[in-house]
Amino acid sequence: MDAYTGFAYVYDEYMDNIPYDEWTVYLLELMKENGIDAPADITELGCGTGTVTMKLDGAGYNMVGIDLSSEMLSMAMDKMYEAGQQIIYTQQDMRDFELPYEADGMVSIGDSMNYITTSEDLKKVFSCVYKGLKPGGVFIFDLKTIHFFKDVLGDNTFAENRESSAFIWDNYYDEDNCNNEYDLAVFVENENDGTFERYEENHFQHGFTLEEVEDCVKAAGLSIRHVYDAFTHNAPQEASERLYYVLEK
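The present account deals with the structure reproduced in this document. Just so it is clear, the structure is predicted and the values come from calculations on it, not from any experiment.

1. Focus: the side chain of Arg 242
For Arg 242, the position within the fold is in strand 11 (residues 242-248). On the accessibility criterion, Arg 242 (13% relative accessible area) is buried. Here Asp 142 takes part through its side chain, which lies 2.9 Å from a polar atom of the side chain of Arg 242. Setting aside chain neighbours within four positions, we find Arg 242 in contact with Trp 23, Gly 110, Asp 111, Asp 142, Leu 143, Lys 144, Thr 145, Tyr 228, Asp 229, Ala 230 and Phe 231.

Rendered as structure tokens:
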């Protein structure tokens, strides 16, 4: 089962509890602190339905959005056209992507990078980032922590029911390999007859240690400028649930 097929159609509805405005303010702060001012050329990896991409475009950046899911990109383009914005979206794998020109910076937030589940694949992502960045360019991304997968999500079931859709999320965390798996059943109402279509998806995410990320960064020729406990400028803590990394070419 593929990730973000049926769920793409209700993704924004169920992400309405995510403070994207606050997340974008923090991201913009990090970008400017690291010399990436508008109108710089920015590529977003794992852009999904384009919520953050559009906010960065609105802040004056020239945006390219990359995602593997055609369904998510379709939603992103619909939103872009409706808003009258101009953003380049392209369907590519983060482990093997190319850009038509070198970017001033790259970003990836909302734990898209956690869908990279091995160190070898993480090196591939960073190698593509290295090729796609201008000298001195930065890559800012977040990662959910092992603590979050183990102690917050764990082996739990989550469910939510809305007027025209619902989902059931069965979560499993494998402590031996730090892989987090969740089986997702999504029910979406058909507008024509009121019946519900069921979609099943299987998602895998991985928790990396700081040391693993650092090794992969070095292997790709990049360097780490900063690692922050999310939405602060504090060093990572044992209780950190999400970390932000700032890499430099």
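On we go from here.
2. Thoughts on the pattern of salt bridges
A complete count under the given rule lists 15 salt bridges for this structure. Put simply, Glu 160 and Arg 162 hold a salt bridge, and the shortest N to O gap is 2.6 Å. For Arg 162, a relative accessible area of 22% puts it in the partly exposed group. When the shortest N-O distance is used, the salt bridge between Glu 214 and Lys 218 registers 3.4 Å. Of this pair, Glu 214 and Lys 218 are both found in helix 7 (residues 210-219), 4 residues apart, which corresponds to roughly one turn of the helix.

3. Focus on the sheet that holds strand 8 (residues 179-189)
With antiparallel pairing, the 4 strands of this open sheet are ordered in space as 6-7-8-9. Whereas interior strands pair on both sides, the edge strands pair on one side only; in this sheet they are strand 6 (157-161) and strand 9 (196-206). The mean angle between the axes of side-by-side strands here comes to 10°, regardless of whether they run parallel or antiparallel. Pairing between strand 7 (residues 165-174) and strand 8: 10 bridges, direction antiparallel.

4. Quick notes on the packing of helix 2 (residues 20-33) against helix 3 (residues 51-58)
In the contact formed by helix 2 and helix 3, the axes pass within 10 Å of each other and the chain directions differ by 55°. Relative to helix 3, the element helix 2 lies oblique. In the crossing of helix 2 with helix 3, the sense of the turn from one axis to the other is right-handed. Residues Tyr 20, Asp 21, Thr 24, Leu 27, Leu 28 and Met 31 of helix 2 lie in contact with helix 3, whose contacting residues are Thr 51, Val 52, Lys 55 and Leu 56. For the contact of helix 2 with helix 3, the class distribution of residues is 6 nonpolar, 2 polar and 2 charged.

Here is what the cut-offs are and how they apply
- Residues numbered from 1 in each chain as written.
- Predicted model: local features only at pLDDT ≥ 70, side-chain atom pairs only at ≥ 80, totals over all residues.
- Heavy atoms only, no water.
- Helix = DSSP H or I, 4+ residues; strand = E, 2+ residues; numbered from the N terminus.
- Buried < 20%, exposed > 50% of the residue type's maximum accessible area, 1.4 Å probe, protein only.
- Polar contact = N/O pair within 3.5 Å; in protein donor to acceptor, adjacent residues only side chain to side chain.
- Contact = heavy atoms within 4.5 Å.
- Salt bridge = Lys/Arg side-chain N within 4 Å of Asp/Glu carboxyl O.
- Pairing = 2+ DSSP bridges.
- Axes fitted to C-alpha atoms, helices over the stretch in contact; angles between N-to-C directions.
- Parallel < 35°, antiparallel > 145°, perpendicular 65-115°, else oblique.
- Left-handed = near helix turned anticlockwise from the far one by under 90°.
- Nonpolar A, V, L, I, M, F, W, Y, C, P; charged D, E, K, R; others polar.

Limitation: the analysis is restricted to geometry and does not speak to function.
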